[in-house]
Amino acid sequence: MALILHLFILFGSFMVASAGNFYQDFDITWGDGRGRILNNGQVLTLSLDKASGSGFQSRNEYLFGKIDMQLKLVPGNSAGTVTAYYLSSKGSTWDEIDFEFLGNLSGDPYILHTNVFSQGKGNREQQFHLWFDPTADFHTYSILWNPQRIVFSVDGTPIREFKNSESIGVPFPKNQPMRIYSSLWNADDWATRGGLVKTDWTQAPFTASYRNFKAEACVWKNGSSSCGSNHPPSSKPSSSSWLSQELDAASQNKLKWVQKNYMIYNYCTDAKRFPQGFPPECRTS
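The rules behind the values
Residues numbered from 1 in each chain as written. Predicted model: local features only at pLDDT ≥ 70, side-chain atom pairs only at ≥ 80, totals over all residues. Heavy atoms only, no water. pLDDT = per-residue confidence, 0-100. Contact = heavy atoms within 4.5 Å. Salt bridge = Lys/Arg side-chain N within 4 Å of Asp/Glu carboxyl O. Helix = DSSP H or I, 4+ residues; strand = E, 2+ residues; numbered from the N terminus. Buried < 20%, exposed > 50% of the residue type's maximum accessible area, 1.4 Å probe, protein only. Phe/Tyr/Trp six-rings, centres within 6.5 Å; stacked < 30°, edge-to-face > 60°.

Topic: the confidence of the model for the chain
Per-residue confidence for the chain gives a mean pLDDT of 90; residues scoring 70 or more make up 89%. This stretch, residues 1–14, has a pLDDT under 50; its non-local contacts, to residues over four places away or in other chains, come to 29 contacts. Predicted confidence for residues 230–238 stays below pLDDT 50, and this span has 10 contacts to residues more than four positions away or in other chains.

Digging into the pattern of salt bridges
Inspection of every chain in the model, using the stated rule, returns 8 salt bridges. D27 is paired through a salt bridge with R59; the nearest N and O atoms lie 2.9 Å apart. Of this pair, D27 sits in strand β2 (residues 26–30) while R59 sits in the loop between β5 (54–58) and β6 (61–72); the two residues are 32 residues apart in sequence, bridging distant segments of the chain. Relative accessible area serves as the criterion here: at 31%, D27 is assigned to the partly exposed category. With relative accessibility at 45%, the residue R59 sits in the partly exposed group.

Thoughts on the packing of aromatic side chains
Within this structure, the stated rule accounts for 21 aromatic pairs. Judged by centre distance (4.8 Å) and plane angle (75°), the ring pair of F101 and Y141 falls under edge-to-face. Remark: Y141 occurs in strand β11 (residues 139–145) and F101 occurs in strand β8 (residues 96–102); sequence separation between them is 40 residues. The exposure class of F101 is buried, given its relative accessible area of 0%.

Okay, here's the thing in structure tokens:
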């Protein structure tokens with residue numbers, strides 16, 4: 001508790017709150033014109049055809065934050081396509097926090113695939129169906145990342161919590177700043193029914209849309225954090241509440257509801273995959 005209080009006081013409200021203009025916050029990094037920023041920077045679209053997909057990344061790097069993005073996924077027959085939206089650092093021992101949306105045949109549900117990498121090790125997959133059609137409208141996909149936990153949320157409803165379990169030897173992403181990345185790409189060798197269903201290129205181009213990016217976060221620049229201790233104390237400490245945020249009773253109930261009704265894969269229950277015993281964090285969750 002003392003550590004949390006110390007962090008809370010140290011960071012105060014030195015977070016950078018960014019409410020997005022895509023021209024200011026992101027660069028389209030690949031796709032040869034298939035990524036586009038529209039409506040005076042309010043909307044970004046990625047498209048995929050047989051020649052190429054497309055992608056973008058944030059200009060800022062972050063070390064802890066609450067990141068929101070609204071996405072509208074590829075409609076219709078999206079089998080074989082993957083829309084990835086994630087935080088990642090660089091290097092061979094990278095950290096990463098993943099949302100991946102695996103397309104499907106028309107009428108079949110998308111699979112929302114989540115994963116957490118720490119020091120280059122992942123294999124922490126949980127997968128979900130959604131309780132709505134993610135192609136009909138925009139929905140908000142959020143990552144809360146603070147020193148104690150990572151929480152994945154959809155429209156404000158938590159679907160997954162990955163707690164800091166360093167005390168039992170599980171590395172936790174806390175030292176490497178990460179950028180936001182997103183891409184739309186062809187993965188028909190594995191994405192839909194293990195690769196059995198291939199991409200129907202007669203439906204191309206496939207398009208995913210983004211809007212309303214928001215980041216309450218510590219920006220990492222030139223080797224230091226915007227949440228460093230050399231800033232004046234905050235007059236509004238509540239603005240950094242995400243830094244010590246945990247799931248209250250109502251949120252815990254929502255999380256249980258999602259995991260009971262919509263989770264379709266959990267590495268922590270896959271006994272065939274871990275014949276020598278489940279990873280240690282599974283025994284504490």
